[in-house]
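The residues making up each chain are set out below.
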Amino acid sequence: MDKHYLTPLFAPQSIVVFAGQVDSPDSLTARARALYQALRAQQYTGSLRFLDIHTTGTLGELAQTGADLAIIALPPAEVAAALEIAGRMTCRSALVITSGIDADGAAELKRIARREGVFLMGPNGLGLQRPQLQLNASAAGPMARPGPLALVSQSGALTASILDWASKNGVGFSSVVSLGANTSVDIAQVLDFLANDRQTQSIVIYLEGISSARRFMSALRSAANVKPVVVLKAGRKPAGNEAAQTHSGAIVGSDEVFDAALRRAGAVRVRSFVELFSAAKCLASRYRPVGNRLAIVTNGGGPGVLAADWVNEIHLELGRLSVESADALKPLLPALASLTDLIDLSEEATPDHFRAAIEAAGKDRQIDGVLAIFSPKEGVDASLVAKALAEVKRSMGKPLLSCWMGDASVVAGRGILNDAAIPTFRTPEAAVGAFGNIASFYKNQQLLQQTPPPLSTLAKPDIEGARLIIENVLAERRKVLTEMESKTLLSAFHIPVTQTILARSANEAMMIATQLGFPVALKIDSPDISHKSDVEGVALNISSALGVRDTFTQMMQTVARLRPEARINGVTVQTMARARRGREVCVGLVTDDPFGPVIAFGAGGTMIELINDRAMELPPLNQFLARQLIGRARVAETLGAWRGAGPADVGALERILLRVSEMVCELPQLREMDINPIIVDESGAVAVDARIVIDHAPQAIGGRPNTYSHLSILPYPARYEQVWPMRGGGEYTVRPIHPDDAQMLQNLMGHLSPASRYFRFISSMVELPPSMLARFTLIDYDREMALVAVFRERRSGASGELLDTERIVGVSRYITNPDQSSCEFALVVADDFSGKGLGSRLMLSIMDVARDKGLAEIEGLVLTQNPGMLKLMKSLGYAIKPFAEDPDFKLVTHALV
């Protein structure tokens, strides 16, 4: 049970191939011939058999000769029968590389695979390669060279192109996976395997579409948490949605949403085939997340300036040597060298000068990466300079990239750099862009670590009141809320709004305005009019009762003439926002297919579509995410002190974003929303206008409430936090784990006895490797859960003062099995807290969570030499059975329903 469930597919020990009569190559399909040649060309060490479904023995005979993997490369009409046979042979996985199977045929194959308990990859893909295993189960051409990079592609043509490029550029792969449309084992499951694959250090993905946003985000976040992931997505859609009923819905495109999703998942997006190759070069060199300060070492001013320009263009920072580093380096360089911005070595630069400059930049704390640019010079050997870089790279802990400009005279130098795993590029812009990908990964990792709860720490909103408003609107068979209803909904979540009252006559409008105080604003109130200004339905700064009366009458007549079919409730009278130097911003909500609700922030006002300033983030948000969201919008530049106006209250905007996040999490009926404009100045922010579109909520998973099934990122499940009394005195808290627990979890591991460590991990390791620690602490709270028991204790500080400290003293966790109905658990308790009831409580709590998720059974493996754990399992009502695959273990199970 410690092996990944897709191990039979990616690391099979036995393979059976259904490709037809392989002794008659002319009778085979093109893919079958390619597969046969690929398999025979390698020295695969496992069992490999070729079968013909027309001439092989009976099903009874075949059932006696099972295999881990069945590979099927038959004509479309014969694939289903072959898959049936593979199932009867008890094959645990199947790979179908047959092309030309339509959606109905693929659905039939999925049904067969599900019935037979087979993990099915395909059809319509080119298959997979596992170079370290000498397994080329593909029609994608020759085997790739081994390496640390995994490639997952939804395009067969692109897969073959990348492999051809890689063979010429010295890039090797741990896995190559070509997925076709409608495959059963989808990209999310492949990512889940690669996240746990020790041979894979980084992942490159070519993506055309996803079937489940929640599963894709869960797997992508898990993978990007432990290794760099770069994504190239095809089919970018233009912004705009003609059916949208709000500004936000009209100007937010799904491609922008995809950008936001990848950022939140901690992955990096590239936008061209060339960028993908550049990223692959860097990832193959095993460069890891760094900052965004790139130092440029060059022997030519022009190329260096081009590189510096591109650094600025893509929002990186030019890395500059500290004064101390520059002073130490200057005597080692030619007299004409300049260290002001670029590290310009001048035309007199030799290999030793390059070496000294790169070593200095590599040691400087103000620099995160180095780009060395070489331009051909008379009397300077490009190969010797390349060798100098290769020598420096061995002791350098930062990314080192190179740009060897020119062609014939630098070819040998580029070969040396490739052999040294130093990414080399032909242009300065490409090299800088590649470093930008590394820096983006570092930045996006900060977003990945955020795990906000559905509700912030602000005052509790009136969720039930908000739901009643929505239910009443839906009961009237309406989907667009009036401005009054929209503002009432915002007020339920404590978002400041201008005081607004609906008037149905001119006299009523005059009385309301007099009570509110002048000046006032009048706005038409109609569920059928999205943009009031377009029909002259907005009037501002009306300063008298007479003006209110005349404006009301004129507005009603004009709107009736311009939109005779519109239903008009009346005119709202509002106090004017009094911010003299206020800035207008907009907070919006759109619902994307497939990622669900997305929160948008940008410039507001009547020219919102023209300005098209939008930054987006997937909910839920916390303060860090809200601040990052504001900073990505262009309007953020206007929020500081500006032409005599004080800085705007950005904290007020952050609180509004947090409140909108709460609305999105708790009100799944929301589809679109505009809060536009929000006027913000140094004293706060107020929503002047709002429009909300709703629809019936999607059905909750299993019919259970609070599943947040409408979100692609599950919020931190704070509802599972409980305080329990400790046997013998004191108390402890059981709560879901979060990324900040990493150090406390490592401390727990370090204080376990050797026996406890072995019982939990079947290993003598004394600390968790970084990748395992990251995987254990950042989880998706959907397919897996981990609960920690946290004990607060008082300890003496360095100066003798008493400090309150927290300590993790126990962990229980489960991960959902591929059948989606059962899960596997694990448990560990600190030795000095044994016998205090923590083990029972942690197990009962994790069982409650699994039950709440709709799982039917929980199971686990316990060493037979662990009597304490077996005793605990028996006391909790677990059934204890022998484990057929290994007599050293007992299989313990408990029904949850």
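Residues numbered from 1 in each chain as written. Predicted model: local features only at pLDDT ≥ 70, side-chain atom pairs only at ≥ 80, totals over all residues. Heavy atoms only, no water.

A. Expanded view of the sheet that holds strand S21 (residues 538–542). The 4 strands are arranged S19-S22-S20-S21 in an open sheet whose pairing can be described as antiparallel. Here the strands that pair on one side only, and so sit at the sheet edges, are strand S19 (500–503) and S21. On average, each strand axis in the sheet is inclined to that of its neighbour by 25°, with strand direction left out of account. Bridge count for strand S20 (residues 520–525) against S21 is 3 bridges, and the pairing is antiparallel. Directly across from lysine 523, in S21, lies its bridge partner valine 538. Helix-sheet contacts for helix H20 (residues 506–516) involve S19, S20 and strand S22 (570–575), and the interaxial angle to S19 is about 160°. On the sheet, helix H21 (residues 545–562) packs against S19, S20, S21 and S22 and is oriented at approximately 25° with respect to S20. (Pairing = 2+ DSSP bridges. Helix = DSSP H or I, 4+ residues; strand = E, 2+ residues; numbered from the N terminus. Axes fitted to C-alpha atoms, helices over the stretch in contact; angles between N-to-C directions. Contact = heavy atoms within 4.5 Å.)

B. Geometry of the confidence of the model for the protein chain. Averaged over all residues, the pLDDT of the protein chain equals 88, while 93% of them reach at least 70. Scored below 50 in pLDDT, residues 246–253 shows 41 contacts in the model against residues more than four places distant or in partner chains. (pLDDT = per-residue confidence, 0-100.)

C. How the structure looks around the environment of glutamate 637. The topology assignment puts glutamate 637 in the loop between helix H23 (623–632) and helix H24 (650–666). Look at glutamate 637 and you get exposed, because its relative accessible area is 73%. Each C-alpha atom of the pair glutamate 637 and glutamate 784 lies 41 Å from the other, and the pair is 147 residues apart in sequence. (Buried < 20%, exposed > 50% of the residue type's maximum accessible area, 1.4 Å probe, protein only.)

D. Representation of the packing of helix H17 (residues 428–448) against H23. Across the interface, H17 lies against H23 with an axial gap of 10 Å and an inter-helix angle of 140°. It follows from the interaxial angle that H17 and H23 lie oblique. Two secondary-structure elements touch here, H17 through Lys443, Gln446 and Leu447 and H23 through Phe624, Leu625, Gln628 and Arg632. (Parallel < 35°, antiparallel > 145°, perpendicular 65-115°, else oblique.)

E. Expanded view of the packing of aromatic side chains. Applying the stated criterion across every chain, the model contains 10 aromatic pairs. Aromatic pair tyrosine 36 and phenylalanine 50: ring centres 5.2 Å apart, planes at 70°, arrangement edge-to-face. With tyrosine 36 in helix H2 (residues 30–41) and phenylalanine 50 in strand S2 (residues 47–51), this residue pair connects regions lying 14 residues apart in the sequence. Ring geometry for phenylalanine 825 and tyrosine 878: centres 5.7 Å apart, planes at 65°, overall edge-to-face. Placement of phenylalanine 825 in strand S33 (residues 822–829) and of tyrosine 878 in the loop between helix H29 (867–875) and strand S35 (879–882) is noted, with a sequence separation of 53 residues between them. Neither residue differs from the other here; phenylalanine 825 and tyrosine 878 are each classed as buried. The ring centre of phenylalanine 258 lies 5.3 Å from the NZ or CZ of lysine 233, which sits over that ring. (Phe/Tyr/Trp six-rings, centres within 6.5 Å; stacked < 30°, edge-to-face > 60°. Lys NZ or Arg CZ within 6 Å of the ring centre and 35° of its normal.)

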